[in-house]
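# Chain and residue survey
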Amino acid sequence: MTRHPSGDSRVKVRYLDAGGVDRLVTAEQVGEVAFETCPPVRTIPAYHGQKHTPGRYWSATASGLLAYESFLECQWLTLLDFDVTVTAIATQALELHGNDTDGKWRHVPDIFTRRSDGSVLVVDVKNPHRRHDPAVVRQAERTAVACGRLGWAYEMVTVPPRQRYATIAWLAGYRRPLRATASLVTPVLSSAADPVRLADLLAATGAPELARPVVFHLLWHHRLLCDLDTPLREHTLVHAAPPQPS
């Protein structure tokens, strides 16, 4: 049997269906599975004294809780949740099965995302201190090859950009739907038709203490825009997003 250097063509994907039944599909069948709706194929361990900080993140994109294994993974879930091109997110949703010159291997990627154009991005999150560990490098190589054969994009990420994450993490506190203050959305957007300082935008509503969370909510949902790579301050310039084509 001829082997490719990084793996043969027999990549398979294991997942659990809605009824919890264990399934295994070939590369040709992955397009028939909505992995973003699948429950996790593994349980993230949680125990006293562990170094990781597992938890659950409420995703506006998924409209539900997503399990994560570390704070670093939670950071990337926040960034992906904010990404306007990402329409679905799941964690620990599948297990890749492959075979290469070193033998058979398996791997559960951290995050599965579906993008607005229907494409898939699979993400693994690694501590930067382990990024160049030979085992981690080998895992990334295998996963990249497998994802390529499945028609998916793959990234291994470490620490996100510090300021961009800080800004988006702040806005994430306002990602849930508006209730009592929803009536302020129209006047806020009207006042931000041209770039305006945040403080002036709030003052223009006549109720700055109520408008502030509305502005942050609209920034999270990309209806208002600002520079995400600088600290969010009263003098930050904010403007309404251009209307979407009908």
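So, here is what we can say about the structure in this document.

The rules behind these values
Residues numbered from 1 in each chain as written. Predicted model: local features only at pLDDT ≥ 70, side-chain atom pairs only at ≥ 80, totals over all residues. Heavy atoms only, no water. Helix = DSSP H or I, 4+ residues; strand = E, 2+ residues; numbered from the N terminus. Buried < 20%, exposed > 50% of the residue type's maximum accessible area, 1.4 Å probe, protein only. Contact = heavy atoms within 4.5 Å. Areas by Shrake-Rupley, 256 points an atom, 1.4 Å probe, with all protein chains shown as cover. Lys, Arg positive; Asp, Glu negative; His and termini not counted. Charge placed at Lys NZ, Arg CZ, Asp CG, Glu CD. Pairing = 2+ DSSP bridges. Axes fitted to C-alpha atoms, helices over the stretch in contact; angles between N-to-C directions. 1 Å grid on protein atoms, 1.4 Å probe; cavity = no way out; pocket = protein on both sides within 12 Å on 5 of 7 lines; lining within 4 Å. Points joined across faces, edges and corners; volume = space filled by probe spheres on them. Salt bridge = Lys/Arg side-chain N within 4 Å of Asp/Glu carboxyl O.

### Some thoughts on the overall build of the chain
Broken down by element type, the chain carries 6 helices and 13 strands. Looking at the chain residue by residue over its 246 residues, the buried ones come to 46%. Sequence separation of at least 24 residues holds for 59% of the intrachain contacts in the chain that already meet a minimum separation of 6. For the chain, the exposed surface amounts to about 13,200 Å²; the carbon and sulfur share of it is 53%. Charge centroids of the chain, computed over 27 positive and 25 negative side chains, lie 5 Å from each other.

### Structural notes on the sheet that holds strand β9 (residues 120-125)
Strand order across the open sheet formed by 4 strands is β5-β8-β9-β10, with mixed pairing between neighbours. Both outer strands of the open sheet, β5 (86-91) and β10 (153-157), are each paired with one neighbouring strand and no more. For this sheet the average axis-to-axis angle between neighbouring strands, irrespective of direction, equals 20 degrees. Where strand β8 (residues 111-115) lies against β9, 4 bridges are found, and the strand directions are antiparallel. Bridge assignment links Arg114 to a residue of β9, and that residue is Val120.

### A short note on the layout of surface pockets
Each pocket or cavity is described by its volume, and for the largest pocket that value is around 510 Å³. Lining the largest pocket are 21 residues, with His52, Glu69, Ser70, Val125 and Lys126 positioned closest to its centre. Of all the elements in the fold, those that place two or more residues in the lining of the largest pocket are α1 (71-82) and β9. In terms of residue count, the dominant contributor to the lining of the largest pocket is α1 (3 residues).

### So, the pattern of salt bridges
A side chain of one charge can pair with a side chain of the opposite charge if their charged atoms are brought near each other. This structure, assessed with the given rule, holds 12 salt bridges. For Glu95, the salt bridge goes to Arg14, with nearest N and O atoms at 3.3 Å. Residue Glu95 is located in strand β6 (residues 95-100), and its partner Arg14 is located in strand β1 (residues 12-16); the two are separated by 81 residues in the primary sequence. Neither Glu95 nor Arg14 differs from the other in exposure class; each is buried. Put simply, Glu69 and Arg42 hold a salt bridge, and the shortest N to O gap is 3.3 Å. With Glu69 in the loop between β4 (64-68) and α1 and Arg42 in the loop between β2 (22-26) and β3 (55-59), the pair connects residues that are 27 residues apart, well separated along the chain. Looking at Glu69, the relative accessible area reads 19%, which means it is buried. Judged by relative accessible area, Arg42 falls into the partly exposed class, the value being 28%. A single salt-bridge network, built from bridges that share partners, covers Asp100, Asp102, Arg138, Glu141 and Arg142.

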